[in-house]
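Inside the fold
Below, each chain spelled out in residue letters.
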Amino acid sequence: MNTPGADLTWQSKAQPVLDSYLRKVGIASPDIRARWVAHVLYQIQMHIEKYAADDIVEQAVERLRGAIDTRLARIANLDPLRERSEVAGVLVVLQDEKHADLVHTLFEDCEGPVDPRLREQLRSAVAADLPRPVRQDARVEMPVQTIELRSINPLRRLLRALR
Amino acid sequence: MNRGPLQAGWYQKLDSTRYAIRRAIYLLLVWLTTLGAMVLLHSAYASGGLSILKLLLLFLYAILILWIAGSFWAATLGFWVLLTRFDYFASRRRAVLADDTNTLPVDVRIAILMPIYSEDPDRVFAGVRAMWRSLEKTGKAGTFDLFILSDTRDVDTWVREECEWYRMCTELGAQGRIFYRNRKDNSARKSGNIADFVQRWGADYRYMIVLDADSLMAGDTLVKMVRLMEANPDTALVQAPPLPVNRETLFARILQFASTAYGPLFTAGASFWQLGDSNFWGHNAIIRVAPFAAHCGLPQLPGREPFGGEILSHDFVEAALLRRAGWRVWLAYELRGSYEELPPTLIDFAKRDRRWCQGNLQHLRLIGAKGWHPVSRLHFAMGVMSYLSSPLWLIFLLLTGLEAYVQSQDVPDYFFGNHLGPVWPTSFTVELKVVFFFTLAMLFLPKLMSLLLIVLDKTQRRAFGGIFRAAVSALLETLFSILVAPVLMLFQTKFVWAILLRRTIGWPSQQRADHSTSIREAVSMHGVQTLLGVAAGVLSYIYLPDYFWWFVPVLSGVLLSIPLSMLSSSVHLGHITRDLGLFMTPEERKRPEVLLEFDQAMAAVQSRPVSAHDALHEPHSQALHLALLPPDELFSRRQQHYAQGLMYKAMEEGLHSLSTAEKRELFSRADSLRELHDWVWSTAAE
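Reading the values: the criteria
- Residues numbered from 1 in each chain as written.
- Chains lettered and ligands numbered in written order.
- Predicted model: local features only at pLDDT ≥ 70, side-chain atom pairs only at ≥ 80, totals over all residues.
- Heavy atoms only, no water.
- Patch = residues over 30% accessible without salt bridge, like charges linked within 9 Å, V, L, I, M, F, W, Y side chains within 5 Å.
- Areas by Shrake-Rupley, 256 points an atom, 1.4 Å probe, with all protein chains shown as cover.
- Salt bridge = Lys/Arg side-chain N within 4 Å of Asp/Glu carboxyl O.
- Helix = DSSP H or I, 4+ residues; strand = E, 2+ residues; numbered from the N terminus.
- Contact = heavy atoms within 4.5 Å.
- Buried area = accessible area lost by both parts, 1.4 Å probe.
- Polar contact = N/O pair within 3.5 Å; in protein donor to acceptor, adjacent residues only side chain to side chain.
- Nonpolar A, V, L, I, M, F, W, Y, C, P; charged D, E, K, R; others polar.
- pLDDT = per-residue confidence, 0-100.
- Axes fitted to C-alpha atoms, helices over the stretch in contact; angles between N-to-C directions.
- Left-handed = near helix turned anticlockwise from the far one by under 90°.
- Phe/Tyr/Trp six-rings, centres within 6.5 Å; stacked < 30°, edge-to-face > 60°.
- Buried < 20%, exposed > 50% of the residue type's maximum accessible area, 1.4 Å probe, protein only.

**Some thoughts on a nonpolar patch on the surface**
Residues and elements named next belong to chain B. Taken together, the side chains of Leu-402, Tyr-405, Val-406, Val-534, Val-538, Leu-539, Tyr-541, Ile-542, Tyr-543, Leu-559 and Leu-560 define a hydrophobic patch exposed on the protein surface, amounting to about 1000 Å² of accessible area. Going through the elements one at a time, helix H13 (374-409) and helix H17 (519-543) are the ones with two or more residues in the nonpolar patch. Per element, the largest residue contribution to the nonpolar patch is 6 residues, and it comes from H17.

Okay, structure coming up:
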């Protein structure tokens, strides 16, 4: 296996991708982005032996996305694995420009403890802007109706008899 | 089970005599007219004995004249109603709406449903924005929720719909009020889409207002419809007749003018005799959810398509089922603020007809089914006849030509029997001419009556551009309809023929935006028609020179179908006629508030095309798509392998290598999408 340990160019490849990804997520501050990139690269480096050189950048992106989801899930009191679509919803909300300051505060830290005030701010942002595709189900039975078509069989029988 | 009538409402108190008198008047007029025309034609044909050909012609004419007389008398009664404003039932509805104390109860919730299927998201969401803003101005928006019920299969459009929906909700502050869902399985098409809503969320709502993708309704009209329903507990459905708006091609402008000027006559006339047994037009109607759920679960018809399988034109059947269960269905022809859009070109119009034709012919099987209200049977029959009349007219024209040829071959015999002198043949030209002009009068008089109504009303007069322009527009429209009618007759005959041969069509989405017809498209659609026209013209000129000029109006339309189709699709010509003040409608002259909102929303459209690729690449689009996907299902190992296979195919050969169904499958799996997302980003580093 071509292990990346011998060749650190993977870091120079991954770094701009991760930075760009974080910018797309809405993190405007270069300092914060650099902190997150470094955090992810460090984690990859820690377990470098597990990865093939070919997919190391993909692993880095996956780690970054996972880290973002985990951070958001922690703040929003969600289960990052079982409530992934809810976490995705939170990410959608945060990408509105009006929440730029909140994003800045939320992502200032990669893993640190969550300030309860931050949680409250996020809750109100989510309450206002969470994409809610549908209401909760309020089911009604809709029985299939019977339409009794008049058969033309008697006519057919008559014609047959005449023949 | 909810069975209507529920309780004594004011509609309930009307005496059945009113129903009986109105229907007796209408049916009597229709039958007497048909009988009169038949007596005249029979007396003309009876000379020289009735051949099989003549009998066949009489039979066909009887059906066709019955159809025309029905339409003519509906329009005439509508004219009378609109002129005198003497309509007990409409007056009662007006009284309900005029009563300002009659507000909406706090516990009532209404869902506005917009089913869409691969429509242009810009148009769809501009319409929703306009309606929502209009609704907010009424101060009653809190009572309504709006559901965009997507059956879109194409992933690019699906992703665009999601992004547009979210942007719109954020802009309008309508999160949790305007909902979006994309149905995983689009079985039973539009009716299945609505049924899915009713089954999943119906319990939350007393009413639903069903729209089409091109519908627009003023907020005030939406509120009025709810008030009408609240005042009439025995009514399950109120249909608001939609007026066509917004199109700018010449073809569509002519049709918009015709529908706006003449339409009210026909809707008022239909309402005159149909009363509480009216029909559902599929959209722009309010429906009481509980009886709809209880009685409108559509079955599959036995046999295979096109006559069996899913019920295509579900609206007629749903109205009939509601009537069968004892509920009232009303056409509130006096309601304004209800709009739709027309197909922009003759070819698009014909394509829409193709779908409607199949749905209506399917009703042939339903006419005789047990348990329907007699008026529901009439609705089915009228739907069938609106398409079957075309081949019947064509056969009638061909047989008339044949009969004329047979007559021309007869050598007159002036000396026969015991007569000493010559016996001159009796001329029945007068009777035939009377029948001919009688038929024409029934076709064109409603246009004159509409014009008269416009002339008599000052506001209307101004709204249609003044008496002169309205009259010129009506004249030009009449000429245009004379030319287009035989073209549509040939199209519809072809459709009916294809359906009788059991050729089905899919569910193609409609081309709704203005666009011009290319020469290639025109030739491919009208080429055969033109050749048929040439052949018919030559044959009639050679073999029936005396009758040739009688056929000219029919032949002209067919011979000119290619240039007619192309010219009428021109937006430029549409604008020129508008600048000349021709084919103006009140909605064009003074845009109602909801249409102005719509114009603003369309002008603000940011045409950054979002596609499936965005849901793979853009974290925002992807997160939104993932957030909207239904909860993860448990997939079998085989399904998981299939999804993985699709993912690798997309990685190696690109998204474009996947079919629509494969792409959809891939974009329905959160795990596959996440993996692809990471992969797409990692490839950016290479």
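From this point on, the discussion continues.
**Some details on the interface of chain B and chain A**
Counting residues at the interface gives 61 residues for chain B, matched by 44 residues for chain A. For the pair chain B and chain A, the summed buried surface comes to about 4600 Å²; carbon and sulfur atoms form 60% of the total. Viewed at the interface, chain A and chain B are joined by 5 salt bridges. Between Asp-678 of chain B and Arg-65 of chain A there is a salt bridge, with its nearest N and O atoms 2.7 Å apart. Applying the counting criterion to the chain B and chain A interface returns 16 residue pairs in polar contact (both at pLDDT 80 or more). Going through the elements one at a time, strand S2 (144-150), helix H6 (155-172), strand S3 (178-182), helix H7 (189-201), helix H10 (289-295), helix H11 (314-324), helix H24 (619-628) and helix H27 (670-683) of chain B are the ones with two or more residues in the side of chain B that touches chain A. If you tally residues by element for the side of chain B that touches chain A, the top one is H27 of chain B, at 8 residues. Class assignment for the residues of the side of chain B that touches chain A results in 35 nonpolar, 12 polar and 14 charged.

**Quick look at the confidence of the model for chain A**
Residues with a pLDDT of 70 or more make up 87% of chain A, whose mean pLDDT is 85. Confidence drops under a pLDDT of 50 for residues 1-6 of chain A, and excluding neighbours within four residues, the segment shows 13 contacts in the predicted structure.

**Focus on the packing of helix H1 (residues 9-25) of chain A against helix H3 (residues 56-76) of chain A**
All names here are of chain A. Close contact between H1 and H3 brings their axes to 9 Å; oriented N to C, the two are set at 35°. Between H1 and H3 lies a crossing of right-handed hand. The segment H1 lies against H3, with Trp-10, Lys-13, Ala-14, Val-17, Leu-18, Tyr-21, Leu-22 and Val-25 engaging Ile-56, Val-57, Ala-60, Val-61, Leu-64, Arg-65 and Ile-68. Its residues placed into classes, the contact of H1 with H3 shows 13 nonpolar, no polar and 2 charged.

**Here's the deal with the packing of aromatic side chains**
Residues and elements named next belong to chain B. One pass over the structure, following the stated rule, counts 31 aromatic pairs over all chains. The interplanar angle of 40° and the centroid separation of 5.5 Å between the aromatic rings of Phe-89 and Trp-330 together place this pair among those described as tilted. Of the two residues, Phe-89 sits in helix H4 (residues 88-98) while Trp-330 sits in strand S9 (residues 328-331), which places them 241 residues apart along the sequence. Given a relative accessible area of 1%, Phe-89 falls into the buried group. Seen from their ring centres, Tyr-541 and Phe-548 are 5.1 Å apart, and the 80° between their planes marks the pair as edge-to-face. Chaining the aromatic ring pairs together yields one cluster made of Phe-147, Phe-179, Phe-197, Trp-201 and Tyr-205.

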